[in-house]
Structures are given as structure tokens and as C-alpha cells.
Amino acid sequence: MSGSSYIVTFKKDTPDEVIDSEVQKAKDSGANVTNVYKSALRGYAVTVPDDLVSSFSLKHDNVENIEADGEVTTQGKALLA
């Protein structure tokens, strides 16, 4: 089963309980939460199976951004190689 990976970030004042609840909702919907961030970044990394991407919902007032997860490079070289 393949999937698409995303980083979901929350507004900086989002309570931990809200993040925990949203992480659980993602898991319950069939997504694989790979990391939860509560320090410099508030959010989580998630892989959503391709057959669920169109039905997966991350609508929440505290969600600040959702972006595709991927390798970070600078000047054409991988930072973590």
C-alpha cells in the first residue's frame, strides 16, 4: 500500500490536547502518523494511503498549514545524506 506524506502544522498557541486529538483522528481514519512535534514546530507528520487522500479531512481552526513532506535540499545537495 502506497501513500502520500504530509506535515500538518498547528498555530503556536494550540493546546497539546487538541494536537493529540487530531493525531488520534488521523490514526482512526487509516492514516499512519510517523512523528508528533510539540516543541519548535507544533504538528505531526502523516502518511495517508492513496485510496484515502481525497476523503481525508484536516479541517480544524488551529491547523495553520498542510504541506507535502519531502527531502530538503540546498544548492542541489541533500542536507541529510
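Residues numbered from 1 in each chain as written. Predicted model: local features only at pLDDT ≥ 70, side-chain atom pairs only at ≥ 80, totals over all residues. Heavy atoms only, no water.

(A) Focus on the packing of aromatic side chains. Summed over the entire model, instances satisfying the criterion amount to one aromatic pair. For the ring pair Phe10 and Tyr44, a centre distance of 6.2 Å and an interplane angle of 35 degrees mean the geometry is tilted. On the criterion of sequence distance, the pair formed by Phe10 in strand E1 (residues 3-10) and Tyr44 in strand E3 (residues 42-49) is long-range, its members being 34 residues apart. Residue classification places Phe10 among the buried positions, given a relative accessible area of 3%. Of the residues examined, Tyr44 reaches a relative accessible area of 0% and is grouped as buried. (Phe/Tyr/Trp six-rings, centres within 6.5 Å; stacked < 30°, edge-to-face > 60°. Helix = DSSP H or I, 4+ residues; strand = E, 2+ residues; numbered from the N terminus. Buried < 20%, exposed > 50% of the residue type's maximum accessible area, 1.4 Å probe, protein only.)

(B) Expanded view of the confidence of the model for the chain. Residues with a pLDDT of 70 or more make up 84% of the chain, whose mean pLDDT is 85. Strand E6 (residues 77-78) is the least confidently modelled element of the chain, averaging 60 in pLDDT, while strand E2 (residues 32-38) averages 95, the highest of any element. (pLDDT = per-residue confidence, 0-100.)

(C) Summary view of the side chain of Asn62. Take Asn62: it is sitting in the loop between E3 and strand E4 (63-68). Those residues in contact with Asn62 that sit more than four places away from it in its chain are Thr9, Phe10, Lys11, Thr14, Pro15 and Val18. (Contact = heavy atoms within 4.5 Å.)

(D) How the structure looks around the pattern of salt bridges. Scanning the model with the defined rule gives three salt bridges in all. The closest approach of N and O atoms between Lys25 and Glu22, which form a salt bridge, is 3.1 Å. Taken together, the residues span about one helical turn, with Lys25 and Glu22 both in helix H1 (residues 16-28) at a distance of three residues. Overall, Glu22 belongs to the buried group, its relative accessible area being 7%. (Salt bridge = Lys/Arg side-chain N within 4 Å of Asp/Glu carboxyl O.)

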